[in-house]
Amino acid sequence: YSNFIDNLRVYVRGGTGGMGYPNLGGEGGRGGDVWFVARERTTLKSISNKYPQKRFVAGTGANSSVKALKGEKGKDCEVHVPLGISVLDDDGKQIGELNAAGERFLAARGGLGGSLATNFLPCKGQRRTVHLDLKLIADVGLVGFPNAGKSSLLSKVSHAKPEIANYAFTTIQPELGKITYADYKQISVADLPGLIEGAHANKGMGHKFLKHVERTKQLLLVVDISGFQLSIKTQFRTAFETILLLTKELELYKEELVTKPALLAINKMDLPCAKDNLDELMTQLENPQGFLHLVEEEIIPANTLEFREVIPISTYTGEGIEELKTCIRKSIDEQAEQVNEEYRKKKLLLLQTSK
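Residues numbered from 1 in each chain as written. Predicted model: local features only at pLDDT ≥ 70, side-chain atom pairs only at ≥ 80, totals over all residues. Heavy atoms only, no water.

Caption draft 1: Spatial organisation of the overall build of the chain. From N to C terminus, the chain includes 6 helices and 14 strands. A buried classification covers 48% of the 355 residues belonging to the chain. Accessible surface for the chain amounts to roughly 18,700 Å². Of this, 51% is attributable to carbon and sulfur atoms. (Helix = DSSP H or I, 4+ residues; strand = E, 2+ residues; numbered from the N terminus. Buried < 20%, exposed > 50% of the residue type's maximum accessible area, 1.4 Å probe, protein only. Areas by Shrake-Rupley, 256 points an atom, 1.4 Å probe, with all protein chains shown as cover.)

Below you can see the structure in the form of structure tokens.
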């Protein structure tokens, strides 16, 4: 995964409360709290570099005194984290998440100051170890086997400049790009590390890849029309088998992934025999059940993906790229309208029931 960090283990501790003042019944100030605050243009790598000890401790509450019977609260500690963070405890249980800029999560509460109830002795702050787990947030996630042309496609549709090479694992870390339209609307696209067979069982980059797919609104499968073979030791897969395998890997990792809206880009249409292969593939996609008996049983998913559009493209010649951008925009707009409609219905129902 190169220099990219998508999981960080940190220690957090709330501040200790201040001492009470027994003679006059004074209360010590409460200890400061540790907060995680979502902020754009922040990475887990920058946190790791800035705080190599990965320890975040809030300030101690002020002691009660004759001049100030109520001690001041200790200074809070704010840690800026990227958007799309899940906060997990040491047992792997999710205790919070931060998806939008400005969202806050209380990671460790400060201890109470000394008072009559505590015999004027202060309490220690909450302390624990937590994991910051990053899942990229993007409108569209590019899904495909290595060398399908995802990096080339991202460079064609956006201003992103991912490394592109003629070997299997070009992409070893997630790459984000934005498609900008004539009306200035922007749609974010994530090129994610290439899947391989067995990714759901954490082979290759398995779970490091698949967890990022969870946070994308839609999927764009990118498939090589001439088929795919990772190495001479692995089996050759046709374009149809590739689509089945990708669906199977997503389904085995988390069934909900297959229910996301999906588009299909058939790449490398500039190659010889591409037109004939496309005709054959379209026939198979129109009636997948009629061809499943020709493939191995273990690569057949329980549910086949329903594609909103199938777009033949060539990242080499530029064929179909503009049509693909239009289809992505249409699909995202339709989904947004659907979400808005559901929200309106929900609000209307709440108003009717309250009356």
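Resuming the write-up.
Caption draft 2: View of the packing of aromatic side chains. Scanning the entire structure with this criterion turns up 4 aromatic pairs. On the basis of an interplanar angle of 15° and a centroid distance of 5.0 Å, the ring pair of Phe145 and Phe228 is categorised as stacked. Of the two residues, Phe145 is situated in the loop between β9 (138–143) and α2 (150–157) and Phe228 in the loop between β12 (216–224) and α4 (239–253); the sequence distance between them amounts to 83 residues. As far as burial versus exposure is concerned, Phe145 and Phe228 are alike and both buried. Measuring from centroid to centroid gives 6.5 Å for Phe240 and Phe291, while their planes differ by 70°, and the two rings are edge-to-face. Residue Phe240 is located in helix α4, and its partner Phe291 is located in the loop between α5 (274–286) and β14 (307–312); the two are separated by 51 residues in the primary sequence. Taking the relative accessible area as the measure of exposure, Phe291 reaches 22% and is therefore partly exposed. Over the ring of Trp35 we find Arg104, and its NZ or CZ is 4.6 Å from the ring centre. Over the ring of Tyr181 we find Arg329; its NZ or CZ atom is 5.2 Å from the centre of that ring. (Phe/Tyr/Trp six-rings, centres within 6.5 Å; stacked < 30°, edge-to-face > 60°. Lys NZ or Arg CZ within 6 Å of the ring centre and 35° of its normal.)

Caption draft 3: Structural context of the sheet that holds strand β13 (residues 262–267). One open sheet accounts for 6 strands, arranged β10-β11-β9-β12-β13-β14; its pairing is mixed. Each edge of the sheet is formed by a strand with only one pairing partner; in this case those strands are β10 (175–180) and β14. The mean angle between the axes of side-by-side strands here comes to 25°, regardless of whether they run parallel or antiparallel. Of the strand pairs in this sheet, β12 and β13 are connected by 6 bridges, and their pairing is parallel. Looking across to β13, one finds that Asp224 is bridged to Asn267. (Pairing = 2+ DSSP bridges. Axes fitted to C-alpha atoms, helices over the stretch in contact; angles between N-to-C directions.)

Caption draft 4: Region of interest: the nonpolar core. Of all hydrophobic cores here, the largest spans 34 residues; its most connected members are Leu221 and Leu250. Among the secondary structure elements, those contributing two or more residues to this core are β9, α3 (206–213), β12, α4, β13 and α5. Among the elements that line this core, the one with the most residues is α4, at 7 residues. Here Leu250 is in contact with Val143, Leu210, Val213, Leu219, Leu257 and Val258, once residues within four sequence places are set aside. If you look at the next biggest cluster of nonpolar residues, it comprises 22 residues, including Val12, Leu44, Phe56 and Ala107. (Core = buried A, V, L, I, M, F, W, Y, C linked by side-chain atoms within 4.5 Å. Contact = heavy atoms within 4.5 Å.)

Caption draft 5: Broad picture of the environment of Tyr181. Within the fold, Tyr181 resides in the loop between β10 and β11 (186–191). The buried category is assigned to Tyr181, whose relative accessible area is 13%. Note: C-alpha distance between Tyr181 and Arg329 (148 residues apart in sequence) is 8.7 Å.

Caption draft 6: The arrangement of the pairing of strand β2 (residues 34–38) in detail. Among the 5 residues in β2, 5 count as buried, and that is most of the element. The side-chain alternation of β2 yields two buried faces, one formed by Val34, Phe36 and Ala38 and the other by Trp35 and Val37. Strand direction decides the pairing type here: β2 and strand β4 (residues 77–81), joined by 5 bridges, are parallel. The residue of β4 that forms the bridge with Val34 is Cys77. Relative to strand β7 (residues 104–108), β2 runs antiparallel, the two being bridged by 4 bridges. Bridge pairing in β7 links Trp35 to Leu106.

Caption draft 7: Expanded view of the pattern of salt bridges. Across all of its chains, the model carries 19 salt bridges by this definition. Arg30 is the salt-bridge partner of Asp33, the closest N and O atoms lying 3.3 Å from each other. Lys217 serves as the salt-bridge partner of Asp139, at 3.1 Å between the closest nitrogen and oxygen. With Asp139 in strand β9 and Lys217 in strand β12, the pair connects residues that are 78 residues apart, well separated along the chain. Its relative accessible area of 13% is what places Asp139 among the buried residues. Overlapping salt bridges bring together Arg30, Asp33, Lys73 and Asp76 as one network. (Salt bridge = Lys/Arg side-chain N within 4 Å of Asp/Glu carboxyl O.)

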